[in-house]
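# Fold and contact review
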Amino acid sequence: MLPTLPFDPSKMLIGGAWHAAADTLTLENPSTATPLAEIAKGSAADIDTAIHAAQTALDSEWGRFTATERGRVLTRLGQLVTENIELLTQLETLDVGKPVTQARADALALARYCEFYGGAADKLHGQTIPYLDGYTVYTMREPHGVTGHIVPWNYPMQIIGRSVGAALAMGNACVLKPAEDACLTALMFAHLAQEAGLPAGALNVVPGLGSEAGAALAGHPGIQHLSFTGSVATGAAVQIAAGANVVPVTLELGGKSPQIVFEDADIGAALPFLVNAGLQNAGQTCSASSRILVHRSRLEEVTHEMVKAYQAKHIGPADSDPDIGPLINGTQQARVKTYLQRAADLPCLARIEAPASDGHYVPACLFGPVSPDHPLAQEEIFGPVQVIIPFDTEDEAVAIANGTEFGLVASIWTRDGARQMRLAKRLKSGQVFINNYGAGGGVELPFGGVGKSGHGREKGFEALYGFSTLKTVAAHHG
Ligand code: NAD
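Just so it is clear, the structure is predicted and the values come from calculations on it, not from any experiment. Every chain is numbered on its own, with residues counted from 1 as its sequence reads. The predicted origin of the model limits local features to residues at a pLDDT of at least 70 and limits the giving and counting of side-chain atom pairs to 80 or more, whereas totals for whole chains, interfaces and linings rest on all residues. No hydrogens and no water enter the side-chain calculation; it runs on all heavy atoms of the structure.

### Examining the overall build of the protein
- Numbering of helices and strands runs from the N terminus, with a helix taken as a DSSP run of H or I at least four residues long and a strand as a DSSP run of E at least two residues long. From N to C terminus, the protein includes 16 helices and 20 strands.
- Based on C-alpha atoms, the radius of gyration is set beside the globule rule, defined as 2.2 Å times the residue count to the power 0.38. Relative to the globule expectation of 23 Å for 478 residues, the C-alpha radius of gyration of the protein, 23 Å, shows essentially globular dimensions.
- By principal-axis analysis of the C-alpha atoms, the protein measures approximately 70 × 65 × 40 Å.
- Burial classes follow relative accessibility: with a 1.4 Å probe on protein chains only, a residue under 20% of its type's maximum area counts as buried, one over 50% as exposed, and anything between as partly exposed. Out of the 478 residues in the protein, the part that is buried amounts to 58%.
- Summarising the internal contacts of the protein: among those between residues at least 6 apart in sequence, 74% fall at separations of at least 24.
- Within the structure as shown, the protein displays about 18,100 Å² of accessible surface, and the carbon and sulfur contribution to it stands at 54%.
- Note on charges: Lys and Arg go in the positive column, Asp and Glu in the negative column, and His and the chain ends are not counted at all. Every charge is mapped to an atom, namely NZ of Lys, CZ of Arg, CG of Asp or CD of Glu. Computing the positive centroid from 33 side-chain charges and the negative centroid from 47, the protein places the two 5 Å apart. Contacts were defined at the residue level, with two residues in contact if any of their heavy atoms lie within 4.5 Å. The method behind every accessible area is Shrake-Rupley, applied with a 1.4 Å probe, and residues are considered shielded solely by the protein chains displayed.

If you want it as structure tokens, here you go:
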């Protein structure tokens, strides 16, 4: 059951006011597969109204905010998020099926994004450019205008923090379409943004179906930038839709991220990262480390240690704070089960059984040794499934690591400094970690992919470039 909320979850925030939609959708609690709340089923017309409200905000109070004022409001928002950590955690646990500790980490990250972008808002400067005699030339960073944000269900708070946070810092007005499976923290964030004093229309939140509200947002001529996180197929579709209006798009689409364990690795240090980076959020993480590449000389040891670590893991309802909770919905559950059937030919090293429940649980499975071209070693499963792939040489490890269509995150476990530098260059990946993985969430670290993992960068200071455009001013004064 939902706790008492300071907002009506069946409404959407448009132009500073909460509106009902013509219809509603039912949110489900993934731990029990029972209805949780009714949310607005925003239509194409609601998206259109939200985009106009965002444009109005740019033409009025929000558009006149100085960079410092934008920073202050984001900082206040971060403080309010911090004061409401427990409610946000509870909502994410109920709505996404995310274990309590992991949901709390997301809420803390949301606060940190607001704090980071609040602090960064007035730190991005233009340049002066030496030019012809009699000229003064300088550049200015300006907001795109109205930005669209299409967010998935797996990390709503973190993804809203990194994209909406950076967009607001640069002075854009946002229209956010959360995933139909997970909307509550997005709505709570909108409520807190109002409390923090964000002017009407600077942030609009319209829940709804991807095929309806999402498609309307992606293809709307009134947006000037689109940030999308989700599947490759939908990412390609929204890019085409936005492209028809020549709207720039940032795509963050997932991966098949490897961790490479060399013969000189500190296995004790690596082990928690090898396992947890694959099982966190039940594997429903774009940067999940689903491939573990191990030098053959350490294969037996790594396999033994990973199996032991798996055996200590527990799957259960999210509110009991297990290691692994349910998947988001029945569709994802069926999808992962299909992958487990396709793994019938693979040696299963560990299998942690899911509880008998109507919730959307799947077993957590570790397979190995697995050939690098097996579908389980190539395709994004988005479930608690990892494969161990042995290798003999550094060149072979690089070829396997680079041998999928993705390139989001990679890590190298080795004490050899020259090898660390070589591989950091050779790996085709948006991020490379050396003797760690994920670096504690990395609010400050630019993030994004190559290949089918997408393009553009969010997080860190770098995101401010993506959420702004550059104007060159050339003055001839003689
Ligand atoms: P999806 O890509 O369909 O949905 C992501 C977001 O896009 C949601 O808000 C959805 O409403 C919206 N959307 C859907 N269709 C749209 C359209 N035609 N136009 C505009 N917006 C649209 O993802 P999904 O179906 O929820 O999940 C399926 C697969 O996507 C997963 O198995 C996983 O592989 C991948 N995924 C990746 C990430 C990630 O972080 N990279 C997140 C979620 C899902």
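That shown, we press on.
### Let's talk about the environment of T75
- Within the fold, T75 resides in helix α3 (residues 67-83).
- The sequence separation of T75 and M12 amounts to 63 residues, and the corresponding C-alpha distance is 24 Å.
- Leaving out residues up to four positions away in the same chain, T75 has contacts with C114, G118 and G119.
- Nitrogen and oxygen atoms within 3.5 Å of one another constitute a polar contact, given that in protein one can donate a hydrogen and the other can accept it, and given that sequence-neighbouring residues count only through two side-chain atoms. A polar side-chain atom of T75 sits 2.7 Å from the main-chain carbonyl oxygen of G71.

### Points about the site of the ligand
- Any residue with a non-hydrogen atom lying within 4 Å of a molecule or strand is treated as near it. Within the structure, the ligand sits among 26 residues, and V151, W153, K177, E180 and S231 are positioned closest to it.
- Q332 has a polar side-chain atom sitting 3.1 Å from an oxygen atom of the ligand.
- Between the ligand and the protein, one listed contact pairs an oxygen atom with a side-chain N or O atom of E380 at 2.9 Å.
- When the ligand is considered free in solution it has 810 Å² of accessible area, and contact with the protein chains removes 84% of it.
- Of all the secondary structure elements, the ones that give two or more residues to the shell around the ligand are α8 (210-218), β10 (225-229), α9 (232-243) and α12 (330-342).
- Among the elements that make up the shell around the ligand, the one with the highest residue count is α8 (three residues).

### Some words on the packing of aromatic side chains
- Here a Phe, Tyr or Trp ring, Trp counted by its six-membered ring, pairs with any other such ring whose centre lies within 6.5 Å, and the pair is stacked when the planes are under 30 degrees apart, edge-to-face when over 60, and tilted otherwise. The full count for this structure, using the stated rule, is ten aromatic pairs.
- Here the aromatic rings of F116 and Y117 are separated by 5.1 Å at their centres, their planes lie at 90 degrees, and the arrangement is edge-to-face. Like F116, the residue Y117 is buried in the burial classification.
- Each ring, one from W153 and one from F382, has its centre 5.6 Å from the other, and the planes form 80 degrees; the classification is edge-to-face. Highlighted residues: W153 in the loop between β7 (146-150) and α6 (156-169) and F382 in the loop between α13 (375-378) and β16 (385-391), separated in sequence by 229 residues.
- Its relative accessible area of 13% is what places W153 among the buried residues.
- Aromatic ring contacts, followed pair by pair, group Y113, F116 and Y117 into a single cluster.
- A cation over a ring is seen here: K98 above Y155, with NZ or CZ 3.6 Å from the ring centre.
- The ring of F447 carries K459 above its face, with NZ or CZ at 4.6 Å from the centroid. Ring-over charges, as used throughout, are those where CZ of Arg or NZ of Lys falls within 6 Å of the ring centre and within 35 degrees of the ring normal.

### Observations concerning the sheet that holds strand β14 (residues 348-352)
- Pairing in this open sheet of seven strands is mixed, and the strands run β14-β15-β16-β13-β12-β17-β18 from one edge to the other. Looking at strand neighbours, the two that pair on one side only are β14 and β18 (431-434), the edges of this open sheet. The mean angle between the axes of side-by-side strands here comes to 15 degrees, regardless of whether they run parallel or antiparallel.
- Note on pairing: DSSP must find at least two bridges between two strands before they are called paired. Pairing of strand β12 (residues 258-261) with strand β17 (residues 409-413) involves three bridges; the strand directions are parallel. Along β17, the bridge assignment pairs Q259 with S411. A fitted line through C-alpha atoms represents every axis, and for helices the fit uses only the stretch in contact; the resulting angles, taken between N-to-C directions, go from 0 to 180 degrees.

### Focus: unusual backbone geometry
- Omega for the peptide link from G368 to P369 comes to -5 degrees, which places this bond in the cis form.
- Assignment of secondary structure puts P369 in the loop between β15 (364-367) and α13.
- A positive phi angle, near 60 degrees, is found at F382, a position not held by glycine.
- For F382, a relative accessible area of 13% translates into the label buried.
- Positive phi values are uncommon outside glycine, yet N435 reaches one of about 55 degrees.
- Among the structural elements, N435 can be located in the loop between β18 and β19 (454-455).
- Using a relative accessible area of 34% as the deciding quantity, one classes N435 as partly exposed.

### Digging into the pairing of strand β1 (residues 11-14)
- Where β1 meets strand β2 (residues 17-20), four bridges bridge the pair, whose relative direction is antiparallel. What sits directly across from M12, in β2, is H19.

### Looking at the pattern of salt bridges
- What makes a salt bridge here is a side-chain nitrogen of Lys or Arg within 4 Å of a carboxyl oxygen of Asp or Glu, nothing more. Scanning all chains against the criterion turns up 23 salt bridges.
- Note that E458 and R162 form a salt bridge whose closest N and O atoms lie 2.9 Å from each other. One end of the pair, E458, is in the loop between β19 and α16 (462-466); the other, R162, is in helix α6, and 296 residues separate them in sequence.
- Residue classification places E458 among the buried residues on the basis of a relative accessible area of 3%.
- What you see here is one network of salt bridges that share partners, running through E263, D264, E394, D395, R419, R422 and R426.

### Side note on a nonpolar patch on the surface
- There is a patch of nonpolar side chains on the surface, built from Y131, L132 and Y135 and spanning about 320 Å² of accessible area.
- Tracing the backbone shows Y135 in strand β6 (residues 135-143). Here the term patch refers to residues with relative accessible area over 30% and no salt bridge, with like charges joined within 9 Å and nonpolar side chains (Val, Leu, Ile, Met, Phe, Trp, Tyr) within 5 Å.

### With respect to the sheet that holds strand β20 (residues 468-476)
- Taken in spatial order, the three strands of this open sheet run β5-β6-β20, and their pairing is antiparallel. Of all the strands in the sheet, the pair left with one neighbour each is β5 (128-129) and β20.
- Two strands pair when backbone bridges link them, and β6 and β20 are joined in this way by nine bridges, in the antiparallel orientation. Within the sheet, the bridge partner assigned to E142 lies in β20 and is T469.

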